[in-house]
Amino acid sequence: MFHRLKTDFRLSIIALLAACAVLGITPFAVMRYLQGNLPAGLVDTSILLGICSALVYAWVTGDTRRSGLAVAVIICSGAVVVGVVVGEPGLFWLYPCLVTTFFLTNARIAVVLNIASVVALMVHGGAFRSDIQMWSFSATALVVSACAYVFAHRNHDQRERLEHLATIDPLTGIKNRRSMDQELDLAAANAERTGLPYALVLLDIDHFKKINDEHGHGVGDDVLIEMVELLRQNTRKSDQLFRFGGEEFVLLLPGVDGIGLKAVMNNLQQVLRKYMKHPGGSVTASFGVALLKHGESVASWLDRADAALYEAKETGRDRIVFADAQRTMDRAGGSAEPLSGA
Ligand SMILES: Nc1nc2c(ncn2[C@@H]2O[C@H](COP(=O)(O)OP(=O)(O)OP(=O)(O)O)[C@@H](O)[C@H]2O)c(=O)[nH]1
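- Under an unreviewed UniProt entry, the protein has the name diguanylate cyclase and belongs to Marinobacter subterrani.
- Word for word, the UniProt comment on the protein under Cofactor (unreviewed entry) is "Mg(2+)".

Side note on the overall build of the protein
Step number 1: Helices and strands together make up the secondary structure of the protein, namely 14 helices and 7 strands.
Step number 2: In the protein, which comprises 342 residues, the share counted as buried stands at 33%.
Step number 3: Summarising the internal contacts of the protein: among those between residues at least 6 apart in sequence, 63% fall at separations of at least 24.

Thoughts on the site of the ligand
Step number 1: Around the ligand sit 17 residues in total, of which Phe208, Lys209, His217, Gly220 and Gly246 are the nearest.
Step number 2: For the shell around the ligand, the elements supplying multiple residues, two or more each, are strand 1 (198-205), helix 10 (208-215) and helix 11 (217-233).
Step number 3: Of the residues contributing to the shell around the ligand, the split by class is 4 nonpolar, 5 polar and 8 charged.

Considerations on the confidence of the model for the protein
Step number 1: Considering every residue of the protein, the mean pLDDT works out to 90; 95% of them sit at 70 or more.
Step number 2: When the criterion is pLDDT under 50, residues 334-342 qualifies, and its contacts beyond four places in sequence or with other chains add up to 18 contacts.
Step number 3: The complex model carries a pTM of 0.69, and its ipTM stands at 0.93.

Description of the UniProt feature "transmembrane region" (unreviewed entry) in the protein
Step number 1: This chain's UniProt record puts "transmembrane region" (unreviewed entry) on residues 12-34, 40-60, 67-87, 93-122 and 134-152.
Step number 2: Taken end to end, residues 40-60 is 100% helix and 0% strand, and its two terminal C-alpha atoms sit 30 Å from one another.
Step number 3: Within residues 134-152, the helical portion is 100% and the strand portion 0%, while the C-alpha atoms at the span's ends are 26 Å from each other.

Side note on the environment of Leu5
Step number 1: The topology assignment puts Leu5 in helix 1 (residues 2-7).
Step number 2: For Leu5, a count of 15 C-beta atoms within 10 Å gives the class partly exposed.
Step number 3: When the C-alpha atoms of Leu5 and Trp59 are compared, they prove to be 9.8 Å apart, with 54 residues separating the residues in sequence.
Step number 4: Beyond its immediate chain neighbours, meaning those up to four positions away, Leu5 contacts Leu11, Ser12 and Ala15.

A short note on unusual backbone geometry
As a rule of thumb, non-glycine residues mostly have phi less than zero, and peptide bonds are mostly trans rather than cis.
Step number 1: Unlike most non-glycine residues, His207 shows phi in positive territory, near 50°.
Step number 2: Position of His207 among the secondary structure elements: in the loop between strand 1 and helix 10.
Step number 3: By C-beta crowding, His207 is classed as partly exposed, having 14 other C-beta atoms within 10 Å.
Step number 4: With a phi close to 70°, Arg317 is a non-glycine residue in the positive phi region.
Step number 5: If you trace the backbone, Arg317 turns up in the loop between helix 13 (298-314) and strand 7 (320-322).
Step number 6: With 15 C-beta atoms counted inside 10 Å, the residue Arg317 sits in the partly exposed group.

Some points on the packing of helix 6 (residues 94-104) against helix 7 (residues 107-124)
In helix packing, the relevant descriptors are the interaxial angle and the interaxial distance, both defined with respect to the helix axes.
Step number 1: The contact between helix 6 and helix 7 brings their axes to 8 Å, and the two run at 160°. By the angle between their directions, the pair helix 6 and helix 7 is classed as roughly antiparallel. Relative to helix 7, helix 6 is oriented so that their crossing is right-handed. Residue-level inspection shows Leu94, Leu98, Thr101 and Phe102 of helix 6 in contact with helix 7, the latter providing Ala107, Ala110, Leu113, Asn114 and Ser117.
Step number 2: Looking at the contact of helix 6 with helix 7 residue by residue, the classes come out as 6 nonpolar, 3 polar and no charged.

A word on helix 4 (residues 64-86)
Step number 1: Given a rise of 1.5 Å per residue, 23 residues ought to cover 33 Å, and the 31 Å separating the end C-alpha atoms of helix 4 matches this to within 8%.
Step number 2: Downstream of helix 4 by a residue or two, Gly87 has a phi angle that is positive, lying close to 90°.

Points about the nonpolar core
Step number 1: Core analysis: the biggest nonpolar cluster contains 45 residues, and Val201, Phe287, Val289 and Ala305 have the highest contact counts within it.
Step number 2: Examining the composition of this core, we find that 6 residues originate from one element, strand 1, more than from any other.
Step number 3: Contact partners of Phe287, with chain neighbours within four places excluded, come to Val201, Leu203, Met265, Gln269, Leu309, Ala312, Ile320 and Val321.
Step number 4: By size, the runner-up hydrophobic cluster in this structure holds 40 residues, among which are Leu91, Leu98, Phe102 and Ala127.

Here's the deal with the sheet that holds strand 1
Step number 1: An order of 2-3-1-6-7 is seen for the 5 strands of this open sheet, with the pairing classed as mixed. Edge positions in the sheet fall to strand 2 (240-245) and strand 7, since each has one partner strand and no second. Neighbour-to-neighbour, the strand axes of the sheet open up by a mean angle of 20°, direction not taken into account.
Step number 2: Helix-sheet contacts for helix 12 (residues 258-275) involve strand 1, strand 3 (248-254), strand 6 (285-291) and strand 7, and the interaxial angle to strand 6 is about 165°.

Reading the values: the criteria
Residues numbered from 1 in each chain as written. Predicted model: local features only at pLDDT ≥ 70, side-chain atom pairs only at ≥ 80, totals over all residues. UniProt positions renumbered as here; feature names shortened; annotations may be inferred. Helix = DSSP H or I, 4+ residues; strand = E, 2+ residues; numbered from the N terminus. Buried ≥ 20, exposed ≤ 12 C-beta atoms within 10 Å, placed from the backbone. Contact = placed C-beta atoms within 7 Å. Near = placed C-beta within 6 Å. Nonpolar A, V, L, I, M, F, W, Y, C, P; charged D, E, K, R; others polar. pLDDT = per-residue confidence, 0-100. Axes fitted to C-alpha atoms, helices over the stretch in contact; angles between N-to-C directions. Parallel < 35°, antiparallel > 145°, perpendicular 65-115°, else oblique. Left-handed = near helix turned anticlockwise from the far one by under 90°. Expected span 1.5 Å × (residues − 1). Core = buried A, V, L, I, M, F, W, Y, C linked by C-beta atoms within 7 Å. Pairing = 2+ DSSP bridges.

Take a look at the structure:
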């Protein structure tokens, strides 16, 4: 539960507002019912129920975009109605709402909601003691909204930048191991649900240390970049490439098995053999391939691909080795030809 709140910013804001609503609005609602102020009590109750329902919806569906917008509308309209019904003391509730809208929905909608709330109160006018108070309230509401906008905008940019830094390999621009873990989990879940086959390829450049040692790290870096480019050009849009670490990469291939998988792998091997060069000659790679088994864990899937890669390295490099070759062969239609080969 805490993990979800920690990783989903908007959900955490909705949960925080729900907690504040329960703790902060409930006493007022009770007090207003006790004072016989039924309209105000009903407004408080509606706001409370609205925010809590939005939280339940966001939690169950994961759709924080819609629920965030719903909460933003509820709190703004709620604050306006409280201002109208209660008068001056109710106006103060609009300030926290003007700030939180920017964290609940996108900036443009938040600006529209904030302006609409202030204008609604001004048009009604009944909540203010004088024109001076009304204009002071509007000016301060504008300042609060502007500051919240700047803060939310910066916060959004920084979050996106951090996410990029945390998930993208700076040298090659592809996703890193961290994102790979998430994508493999998603792939395994999707395979379980839909039965779509998924192949995982562990790919490791051969004798890469030698390239670095003989030609320098700059040349080694260029080889890594070039290989990523070649793999990108020769795989489908739906395939995903990750840098596993060092000169090792992972390719996730959805919807391919049997003969198709064998053809894809042979093509990749040929492309790398033909086009991957460094100043001292050509560059080759070894491949370990594993098809996800029914009900298998991601760790076991990776282990089998890793064992296949190890075998490819041990048996001469520049080779493709399929984990559980017999199973892959069955899917390929029972070909007698072994599925590991140079
Ligand atoms: N240029 C460059 N080198 C890297 C990078 N990351 C790891 N390396 C180097 O990659 C090399 C990997 O060497 P090894 O693990 O011995 O592998 P190898 O020489 O390819 O040998 P085999 O895999 O057995 O064929 C090491 O020298 C690392 O320093 C990088 O980002 N850039």
